[in-house]
Amino acid sequence: MKTKIILAGILLLLSGSSFAQRIVEYGDLRTLTDAEHGTVVHYLKDGKRPLSGEYRILRGQDEESVHFSKGVKQGEYRRYRDGVLREKGAYADGKRHGLFVTYYQDGKTPQREAPMQHGKIEGTVRTWFADGKPDMIQEYREGKKNGKEQRFDPKTGRLIYEAGYTDDKKEGKQWELNEDTARGWLSETVSHYKNGELDGPYEYTAHKHGKLYLHESGAYKAGCKHGVWEKTDDDGIVTQGEYTDGRETGHWVRYDSTSGEILNEWDK
């Protein structure tokens, strides 16, 4: 008898919690933005009072578990797809605050994590491939890319790209490695940026099956080739000349790097 009473009590509690978390379609909501604080206030489409309490919001394949206080998202947040956890985090005064993590389809393997402060990314964002290997690391400040970005090879896990940012614009040295083992291809690019534009020394080197395929070096100024540039092809033929604001200018020469023989030369 006691066992039946306990079971009945548990069922009653579960039933009460399911009713407490109200279910609503996303299309049945309306929102207003509080001009003073910039927060989004949620209402039912035909309702006059802001939402309060726990809600399950159905949005296509996704289902969000959200707590509202006076229509504003507050506290723990969960997003599910087909019943599997795909994202979790928390809200403070209607804005994402704290660490947000998204997951792959298994609901366990992290895909991306982003530290948030009052709705803006603040800190280091990390992403992973489905097998758990690192994909990308990107530093943010006040919602903008600030600091280092790194990318990794999905097969080997080694670093293949690195760049710097200031307020969402590339700044300083950028390095990139591309490899296609099936074609025997390996290339490396080293460039420099200023205020989001190519500016400074540039060098590109490509090998095919271990043999030099192409080498090119020079410099950029405000996004345009500027100054002396040199290119060597897979036959060892060098082309050398000058650019001014992206245009070929001055004296150009083409010669054999092995013998030093000048093959042709011209003026621009």
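Read on for an overview of the structure. (Residues numbered from 1 in each chain as written. Predicted model: local features only at pLDDT ≥ 70, side-chain atom pairs only at ≥ 80, totals over all residues. Heavy atoms only, no water.)

Another point: the pairing of strand β26 (residues 247-256). Here strand β25 (residues 237-244) runs beside β26; their pairing, made up of seven bridges, is antiparallel. Paired with E242 across the strands is T249, a residue of β26. Here β25 hands over to β26 after two residues, with D245 in that stretch at a positive phi of 50°. Bridging between β26 and strand β27 (residues 262-267) involves five bridges; their strand directions are antiparallel. Each residue of the ladder has a partner; that of W252, found in β27, is W266. Counted between consecutive antiparallel strands, the loop separating β26 from β27 contains five residues, among which G260 sits at a positive phi close to 80°. (Pairing = 2+ DSSP bridges. Helix = DSSP H or I, 4+ residues; strand = E, 2+ residues; numbered from the N terminus.)

In this section: the packing of aromatic side chains. In total, this model carries 11 aromatic pairs according to the counting rule given. Plain terms: the ring middles of Y91 and F100 are 5.9 Å apart, the flat faces sit at 90° to each other, and that makes the pair edge-to-face. Exposure class is identical for Y91 and F100. Each is buried. With centroids separated by 5.5 Å and ring planes inclined at 80°, the aromatic side chains of Y243 and W252 adopt a geometry described as edge-to-face. As far as the burial class goes, Y243 and W252 line up, both buried. Taken together, the ring pairs in this structure connect Y202, Y220, W229, Y243, W252 and W266 into an aromatic cluster. The residue whose ring lies beneath R30 is Y43, and the NZ or CZ to ring-centre distance is 4.5 Å. Above the face of the Y26 ring, R59 is positioned so that its terminal group lies 3.8 Å from the ring centre. (Phe/Tyr/Trp six-rings, centres within 6.5 Å; stacked < 30°, edge-to-face > 60°. Buried < 20%, exposed > 50% of the residue type's maximum accessible area, 1.4 Å probe, protein only. Lys NZ or Arg CZ within 6 Å of the ring centre and 35° of its normal.)

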